[in-house]
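Spelled out, the chains give:
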Amino acid sequence: MNIGDAAQASGVSAKMIRHYEEIGLVPKVARTDAGYRIYSERDVHLLRFIRQARVLGFSMKQIADLMGLWLDQSRPSRKVKQLANEHIAELDAKIHELQAMKSTLQHLAHDCHGDNRPDCPILDALGAELPSAHAT
């Protein structure tokens, strides 16, 4: 199948398929004499794997590691679980950070009168000078 068919079958855009090939995430596929890429069902399956991993928020490096494990039939499942648990920890950290951001913004929004007056604690907080990391 051509790249358009592979994109439709996998749910990955043709642009991203080219990008994945360019960065070496997926192997280069065969080409016709005219230079058009030819994708097999196996290629599409690999693209679906990548799409699902991206949906779960894995990084490109993590996806490459997961693909290596997925393609290795003698892999120990503990390595896969370790990667998943590491990603869960990263997600937990991001969730904590987002919750802190939300809480701060809620507090600032609550303190803002939201009327015709120009004073606004939201803008004041955004414009405040941050403490220097190298303060003596």
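Described below are features of the structure shown in this document. Source: prediction; values computed, not measured.

Secondary structure assignment for the protein chain yields six helices and two strands. Counting from the amino terminus, helix and strand elements in the protein chain follow one another as α-α-β-β-α-α-α-α. Relative to a compact globule of 136 residues, whose C-alpha radius of gyration would be 14 Å, the protein chain shows 23 Å and is clearly more extended. Summarising its shape, the C-alpha atoms of the protein chain cover approximately 70 × 40 × 30 Å along the three principal directions. Looking at the 136 residues of the protein chain, the share that counts as buried comes to 22%. Relative to all contacts within the protein chain whose residues are 6 or more apart in sequence, the contacts with residues 24 or more apart total 42%. As displayed, the protein chain has an accessible area near 10,100 Å², and 57% of this comes from carbon and sulfur atoms. Once the 17 positive and 17 negative side-chain charges of the protein chain are each reduced to a mean point, those two points are 10 Å apart.

Here we take up the nonpolar core. Counting residues in hydrophobic clusters, the biggest one holds 22 residues, and the most contacted among them are Ile17, Tyr20, Leu47, Ile50 and Ile63. Those elements that provide at least two residues to this core are helix 1 (3-10), helix 2 (14-22), helix 3 (41-55) and helix 4 (60-71). Here this core takes five residues from helix 3, the largest share from any one element. Setting aside anything within four residues of it in sequence, one finds Tyr20 in contact with Val12, Leu25, Val26, Leu47, Ile50, Arg54 and Met60.

Turning to helix 1, a few remarks are in order. Among the residues of helix 1, Ile3, Ala6, Ala7 and Ser10 are the ones counted as buried. Each buried residue of helix 1 sits inside an arc of 100 degrees when the element is viewed along its axis, so together they form one side. Where helix 1 is buried, its residues meet helix 2, strand 2 (37-38) and helix 3. Regarding helix 1, its N-cap is Asn2, as a side-chain oxygen of that residue lies 3.0 Å from the backbone nitrogen of Gly4 further along. Positive backbone phi, at 85 degrees, marks Gly11, one or two positions downstream of helix 1.

Let us look at the pattern of salt bridges. Under the counting rule described, the total for this entry stands at four salt bridges. The closest approach of N and O atoms between Glu21 and Arg31, which form a salt bridge, is 3.9 Å. Note that Glu21 is positioned in helix 2 and Arg31 in strand 1 (residues 30-31), a separation of 10 residues in sequence. Given a relative accessible area of 6%, Glu21 falls into the buried group. Between Asp65 and Lys61 there is a salt bridge, with the nearest N and O atoms lying 2.8 Å from each other. Pair noted here: Asp65 and Lys61 are both in helix 4, with a separation of four residues, about one helical turn.

Analysis parameters
Residues numbered from 1 in each chain as written. Predicted model: local features only at pLDDT ≥ 70, side-chain atom pairs only at ≥ 80, totals over all residues. Heavy atoms only, no water. Helix = DSSP H or I, 4+ residues; strand = E, 2+ residues; numbered from the N terminus. Rg over C-alpha atoms; globule rule 2.2 N^0.38 Å. Buried < 20%, exposed > 50% of the residue type's maximum accessible area, 1.4 Å probe, protein only. Contact = heavy atoms within 4.5 Å. Areas by Shrake-Rupley, 256 points an atom, 1.4 Å probe, with all protein chains shown as cover. Lys, Arg positive; Asp, Glu negative; His and termini not counted. Charge placed at Lys NZ, Arg CZ, Asp CG, Glu CD. Core = buried A, V, L, I, M, F, W, Y, C linked by side-chain atoms within 4.5 Å. Arc of directions from axis to C-beta. Polar contact = N/O pair within 3.5 Å; in protein donor to acceptor, adjacent residues only side chain to side chain. Salt bridge = Lys/Arg side-chain N within 4 Å of Asp/Glu carboxyl O.

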